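# Report on the structure
Each chain, written out:
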Amino acid sequence: MAGYRQLNTGTLLPCVGFGTGTSFFNRVEDVASCMDQAYSAGYRLFDTAMVYGTEEGIGRGVEDLLNSGVQRKDIFITTKISPWKWNQIQEYVSESLSKLKVEKIDLVLIHSAGLPLDRSKMSEKLRKRITEKDLNDFPSTAEGLSDMRLHMWKTLENLVKEGKIQDIGVSNWTSQHINQLMEASQVTLTPAVNQIEFNPYLVDEDILETCAKYKIVVQAYAPLGNGKNMANRHLAGSQDGLKYLLDDPTILAKASKYQATPAQICLRWALQRGVAVVLKTENKNRMEENLDLEFIIAEEDMREINALKKVNQRLFGNIYDID
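Summary of the structure given here. (Residues numbered from 1 in each chain as written. Predicted model: local features only at pLDDT ≥ 70, side-chain atom pairs only at ≥ 80, totals over all residues. Heavy atoms only, no water.)

If you walk through the whole model with that rule in mind, you get seven aromatic pairs. When the ring of F18 is compared with that of F24, the centres are 6.1 Å apart and the planes differ by 55 degrees; the resulting orientation is tilted. Note on Y221 and F316: the rings are 5.8 Å apart at their centroids and 70 degrees apart in plane angle, and the pair reads as edge-to-face. One end of the pair, Y221, is in strand β9 (residues 217-221); the other, F316, is in the segment after α13 (299-306), and 95 residues separate them in sequence. You can call Y221 buried: its relative accessible area is 16%. Using a relative accessible area of 40% as the deciding quantity, one classes F316 as partly exposed. (Phe/Tyr/Trp six-rings, centres within 6.5 Å; stacked < 30°, edge-to-face > 60°. Helix = DSSP H or I, 4+ residues; strand = E, 2+ residues; numbered from the N terminus. Buried < 20%, exposed > 50% of the residue type's maximum accessible area, 1.4 Å probe, protein only.)

Structural data, given as structure tokens:
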């Protein structure tokens, strides 16, 4: 098993979590049934978000597991609140509690630091998720975005005090966003987690250093890079196709050396960098493989994998577009 990381609050965070984003979007029944398989394979952390449309599926899965004799303390649930709901946090947390069928959520993250002030940098997919009213109510200046983040954070701090949430954190926040929050005199709780896109092709050392400074655990999404279907698409504005991480010669060479899969190499590398991971699969064998990470990658091999960061391939939007 992959073990746990201790958060700055003392809570133990499972190092490898089961995600329900992207291909799981709005597939409530499939998420519920996959939860049972994932739990049996050894997963204890289940990651969802308001925009995924999978909170209800997680809730059904939790209910089934509890009815089968699993204890609530052995299930760790993370969900995320969209920043365009910045003035409706309490209502959405209450809705999440109801959908997840729990009395307290283990970890709630602010899903991003906001929206780009230059709306042309918003993807078409993102635009479709946001109502015209939410967009009109959204801050339109850098100062307004900073105030919004502080407002969201203080609301989450109050929900921790009320016992509705155990721990709170952020997602897709840069060092600037984190420092700005931590410099506010009103803040009493430090983010426990910053969930960011992270894999051998994308390593933001600045964010890692800032999170280490505040004892914030970094948790990776897309720790295996992109799937082959995405690799065959083109980056916006680029003539170059996306590189497929799991076919990288360095990763393949290390997989052969350690008698592991390329995915296991990427996951073990992340854990040795001190980064927890969230990933998804619907294949039971892969669920088990992705938790079988007991081997250790030697320092010289870690350095070779670290060097892959020069690819600098971002898949899910540029977090530096947000002031």
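Quick look at the packing of helix α11 (residues 262-272) against α13 now. Packing of α11 against α13 brings their axes to within 11 Å, and their N-to-C directions diverge by 105 degrees. On the basis of the axis angle, α11 is roughly perpendicular to α13. Within the contact between the two elements, α11 uses I265, W269 and Q272 and α13 uses M302, I305 and N306. (Axes fitted to C-alpha atoms, helices over the stretch in contact; angles between N-to-C directions. Parallel < 35°, antiparallel > 145°, perpendicular 65-115°, else oblique. Contact = heavy atoms within 4.5 Å.)

This next bit is on the pairing of strand β7 (residues 165-171). The buried fraction of β7 is high, at six of seven residues. In this structure, strand β6 (residues 105-110) lies alongside β7, joined through five bridges in parallel fashion. Looking at the pairing, V108 lines up with I168 of β7. Strand direction decides the pairing type here: β7 and strand β8 (residues 193-197), joined by two bridges, are parallel. Note on β8: the bridge partner recorded for S171 is Q195. A crossover connection joins β7 to the parallel β8 through helix α7 (residues 175-182); in handedness this β-α-β unit is right-handed. (Pairing = 2+ DSSP bridges. Right-handed = clockwise from strand over helix to strand, strands pointing away.)

Keep in mind that most residues, glycine aside, have a negative phi and that most peptide bonds are trans. For K101, which is not glycine, the phi dihedral falls at a positive 60 degrees. Take K101: it is sitting in the loop between α3 (89-100) and β6. Its identity is not glycine, yet N312 carries a phi of approximately 50 degrees, on the positive side. Along the chain, the position of N312 falls in the segment after α13. Since its relative accessible area comes to 53%, N312 is described here as exposed.

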